[in-house]
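Commentary on secondary and tertiary structure
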Amino acid sequence: MPREGKIPKLFSGSVDDLTKPSKPKKQKDNADLKSQKKQKTLYISLDINRKLIELYGEEGRRQSIIVEDAVNLYYYLRLALGEKKFEELMSAVRREDPDFLRGYLEKFRL
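Residues numbered from 1 in each chain as written. Predicted model: local features only at pLDDT ≥ 70, side-chain atom pairs only at ≥ 80, totals over all residues. Heavy atoms only, no water.

**Some points on the pattern of salt bridges**
- Within this structure, the stated rule accounts for six salt bridges.
- The salt bridge partner of Lys51 is Glu96, with a shortest N-O separation of 3.4 Å. Of this pair, Lys51 sits in helix H2 (residues 46–59) while Glu96 sits in the loop between helix H3 (63–94) and helix H4 (98–106), and the two are 45 residues apart along the sequence.
- Take Glu96: its relative accessible area is 53%, and that puts it in the exposed class. (Salt bridge = Lys/Arg side-chain N within 4 Å of Asp/Glu carboxyl O. Helix = DSSP H or I, 4+ residues; strand = E, 2+ residues; numbered from the N terminus. Buried < 20%, exposed > 50% of the residue type's maximum accessible area, 1.4 Å probe, protein only.)

Written out as structure tokens, the structure reads:
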């Protein structure tokens, strides 16, 4: 028969164990992002996957390097051209016509 007013025992350790601060997590140096390996999840269309496989076969490089090059190209073109000119360029790329794109890029030559 339980006694009235008695607090049930929920934890077998001491109160000090419950209030002890957790151990600090080790912090990694984030100085060089390129040297760190990260898990990459890339969702792409079947058409883009076909193009990536074609590039991989032609250049003989890892797909991850090709993707990194593409991301760098996209990023720096966007910075260099500005939003309006970059959108113009992307609309030319979306036409998927190499001759049209070649003519469009002629006006960017230095």
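**Description of the layout of surface pockets**
- Approximately 1,200 Å³ is the volume attributed to the largest pocket.
- What lines the largest pocket is a set of 31 residues, among which Lys51, Leu55, Ala70, Leu73 and Val93 lie closest to the centre.
- Elements that contribute at least two residues to the lining of the largest pocket include exactly H2, H3 and H4.
- Sorting elements by how many residues they give to the lining of the largest pocket places H3 first, with 14 residues.
- For the lining of the largest pocket, the residue count by class is 20 nonpolar, no polar and eleven charged. (1 Å grid on protein atoms, 1.4 Å probe; cavity = no way out; pocket = protein on both sides within 12 Å on 5 of 7 lines; lining within 4 Å. Points joined across faces, edges and corners; volume = space filled by probe spheres on them. Nonpolar A, V, L, I, M, F, W, Y, C, P; charged D, E, K, R; others polar.)

**Considerations on the packing of aromatic side chains**
- Tallying each qualifying case throughout the model produces two aromatic pairs.
- Centroid distance Tyr75 to Tyr76: 4.9 Å. Interplanar angle 85 degrees. Geometry classified as edge-to-face.
- Overall, Tyr75 belongs to the partly exposed group, its relative accessible area being 46%.
- Tyr76 sits in the exposed class, given a relative accessible area of 52%. (Phe/Tyr/Trp six-rings, centres within 6.5 Å; stacked < 30°, edge-to-face > 60°.)

**Concerning the packing of H3 against H4**
- For the pair H3 and H4, interaxial distance at closest approach is 9 Å and the crossing angle is 155 degrees. With respect to H4, the axis of H3 lies roughly antiparallel. Contacts between H3 and H4 involve Lys85, Glu88, Leu89, Ala92 and Val93 from the first element and Phe100, Leu101, Tyr104 and Leu105 from the second.
- For the contact of H3 with H4, the class distribution of residues is seven nonpolar, no polar and two charged. (Axes fitted to C-alpha atoms, helices over the stretch in contact; angles between N-to-C directions. Parallel < 35°, antiparallel > 145°, perpendicular 65-115°, else oblique. Contact = heavy atoms within 4.5 Å.)

Everything listed is a geometric property; what it means functionally is a separate question.
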